[in-house]
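Residues per chain, in single letters:
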Amino acid sequence: MQHLLRSAYALLDTSRPIVGLRQGGVGVKERQRLGKALGVGEDDLLLVLDLLFAAELLVQAGPAFEVTARYEPWRQATPARQWAELAWAWFWLSHSPTARKATAVSKVESSHARAARWAVLRAGKAGLSVEGVAAAAYWFCPAVHQYVGGVVREAEMVGAVAGDVLSVCGEALLSAGNTEALAASVAEVVVPMRCEVEVLQDLKAVVFGQLTVEAARVLTASAESLTEDGARVWQFTPASVRTAFAQGWTGETLLAALDELTHQNVPWALRALLGERGRGQVRVQAVECCVVAEAEVVAELMRLPGFVKLAPTVAGSAMPPSDVVAWLQAEGFAVVEDPSSGSIVVRRPKARAVAPVEVEPVAVDLPDLDADEPSTAQVVRGRNPKLAKKAVALLAGAIDERSDVRIGYVDGKGEPSQRTITPIGWDGPFLLAWCHKREAERQFRVERIQSVSPG
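Everything quoted here is computed from the prediction, not taken from an experiment.

(A) Local environment of the packing of helix H11 (residues 213–222) against helix H13 (residues 251–262). Put simply, H11 and H13 touch, their axes get as near as 11 Å, and they point 135° apart. Regarding the angle of H11 to H13, the classification is oblique. Handedness of the H11/H13 crossing: left-handed. Contact residues: Glu214, Ala215, Val218 and Ser222 in H11; Leu254, Ala257, Leu258 and Leu261 in H13.

In structure tokens, the structure reads:
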């Protein structure tokens, strides 16, 4: 029964209209599109479409279908009331939707289909096997035999039959005199399911449990509905967010709604997509003094150990200003100390060009790769045996300390690139890191890393 309600929600909550045939009904191609987009099977789609029509929740208006005025109160009602209206419509339906595969939803009357439904359910009420009743129909009631298979299948989909016998809801369906009585009798059986929304790092939202009205409203407005491995997911994209803004949402209202659904667990990448600029990754670097110079001179300074690039024309050093001045003068730079600002201005001397400074490699203590406990370096070496020993140490240290590191990387298409990343941790076989080039979290395959240098 929960599956019946989820299929009905998927059809009615979709923002894309259902296209109908000129002669009426929903065509095969449109049903295939709906089934693929919403993750609903062919039989489920046929049954739910007919039940929504019978319950007057869906109506054809011109070339498309739209929900009726009864939809909003029905969607806000309890699951017991929702199921009761659909089950009652099925109980009195004049045909068997799944007993045929017509190109349109037909309204042809058939007393045999209804008779087969009542006969099977009443026989099940007496404790008989529903499948046994269906098999006996061929011999004892050939007129309804062609409908019995569809009736049994639909009874299981509706929730009136479970395990080849009549369920509690099926018993209530036979005993109730109207939808109100039916809803009251199943109130303790058809209860609301939990609804938990999780937005993954690839900006796909997954719903665990039964989709609520509010969750459907927010996701349908701001994300694209997809089906992956038979499950329905929602993909946030720049286009889908722009569509939500065009409908009257703002970045603040949409983020507030998503925070409510995910319990304040919206990834930063989605927050940035929604226009939030107040938060992000902040790197703190301790410096004793700043060195101001032309961009070309700063690039030369970065060859020297102990300097960090703060801006294209600004470098920082942890050494005192007097030591920096003496060192740079010894290296041949024209240095002017500015006491008013506390910075050091460096210029390239006009008399002679500054020779490139060869920097001695910094000794690195490599982790013990033969230790009993697997270290990060061992993991990196195991996933990329071609990396140099120093590259393994640099990458392992950056992963352990979550510090910046520069990598040469080849993507799945064979395109090489240089990336500065801040490792976050392992995500299965991938290294999850903040990519400064893309300004977003990305997954990297360690075996595709070709080089590693300090960030």
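(B) Spatial organisation of the sheet that holds strand S17 (residues 430–435). Across the sheet, five strands lie side by side as S18-S17-S16-S15-S19; this open sheet has antiparallel pairing. Here the strands that pair on one side only, and so sit at the sheet edges, are strand S18 (440–444) and strand S19 (449–454). Pairs of neighbouring strands in the sheet enclose a mean axial angle of 45°, with direction left out of account. Summarising the sheet, strand S15 (residues 405–410) and S19 pair through five bridges and their orientation is antiparallel. Along S19, the bridge assignment pairs Arg406 with Ser453. Packing against the sheet, helix H18 (residues 389–401) makes contact with S15, strand S16 (416–427), S17 and S19, and its axis sits at approximately 70° to S19.

(C) Seen up close, the pairing of S16. As defined by bridge partners, S15 adjoins S16 across six bridges and the pair is classed as antiparallel. In the sheet register, Val410 faces S16, and the bridge partner there is Pro416. Counting the residues between successive antiparallel strands, the hairpin from S15 to S16 contains five residues, one of them, Gly414, with a positive phi of roughly 85°. With six bridges connecting them, S16 and S17 associate as antiparallel partners. Looking across to S17, one finds that Trp426 is bridged to Leu431. Linking S16 to S17, which pair antiparallel, is a turn of two residues; within it Gly428 sits at a positive phi near 65°.

(D) Looking closely at the packing of aromatic side chains. Counted under the stated rule, the structure contains eight aromatic pairs. When the ring of Phe53 is compared with that of Phe65, the centres are 5.3 Å apart and the planes differ by 75°; the resulting orientation is edge-to-face. Here the residue Phe53 occupies a position in helix H3 (residues 42–54), and Phe65 occupies one in strand S3 (residues 64–67), the gap between them amounting to twelve residues. According to the relative accessible area criterion, Phe53 is buried, its value standing at 17%. Owing to a relative accessible area of 6%, Phe65 belongs among the buried residues under this scheme. For the pair Trp92 and Trp118, a centre-to-centre distance of 5.2 Å together with 80° between the ring planes defines the contact as edge-to-face.

(E) Up close: the sheet that holds strand S8 (residues 224–228). Pairing within the open sheet is antiparallel, and its four strands lie in the order S6-S7-S9-S8. In this open sheet, the two edge strands, each paired with only one partner strand, are strand S6 (195–199) and S8. Between one strand axis and the next, the sheet turns through 35° on average, direction left out of account.

(F) The pairing of strand S7 (residues 204–209), seen in detail. Where S6 meets S7, five bridges bridge the pair, whose relative direction is antiparallel. Following the sheet pairing, Glu196 is matched in S7 by Phe208. Between S6 and S7, which pair antiparallel and follow one another directly, the connecting turn spans four residues, one of which, Leu203, has a positive phi of 65°. Two elements, S7 and strand S9 (residues 231–235), share three bridges in a ladder whose sense is antiparallel. Opposite Ala205, over in S9, you have Trp234 as the bridge partner.

Definitions and limits used
Residues numbered from 1 in each chain as written. Predicted model: local features only at pLDDT ≥ 70, side-chain atom pairs only at ≥ 80, totals over all residues. Heavy atoms only, no water. Axes fitted to C-alpha atoms, helices over the stretch in contact; angles between N-to-C directions. Helix = DSSP H or I, 4+ residues; strand = E, 2+ residues; numbered from the N terminus. Parallel < 35°, antiparallel > 145°, perpendicular 65-115°, else oblique. Left-handed = near helix turned anticlockwise from the far one by under 90°. Contact = heavy atoms within 4.5 Å. Pairing = 2+ DSSP bridges. Phe/Tyr/Trp six-rings, centres within 6.5 Å; stacked < 30°, edge-to-face > 60°. Buried < 20%, exposed > 50% of the residue type's maximum accessible area, 1.4 Å probe, protein only.

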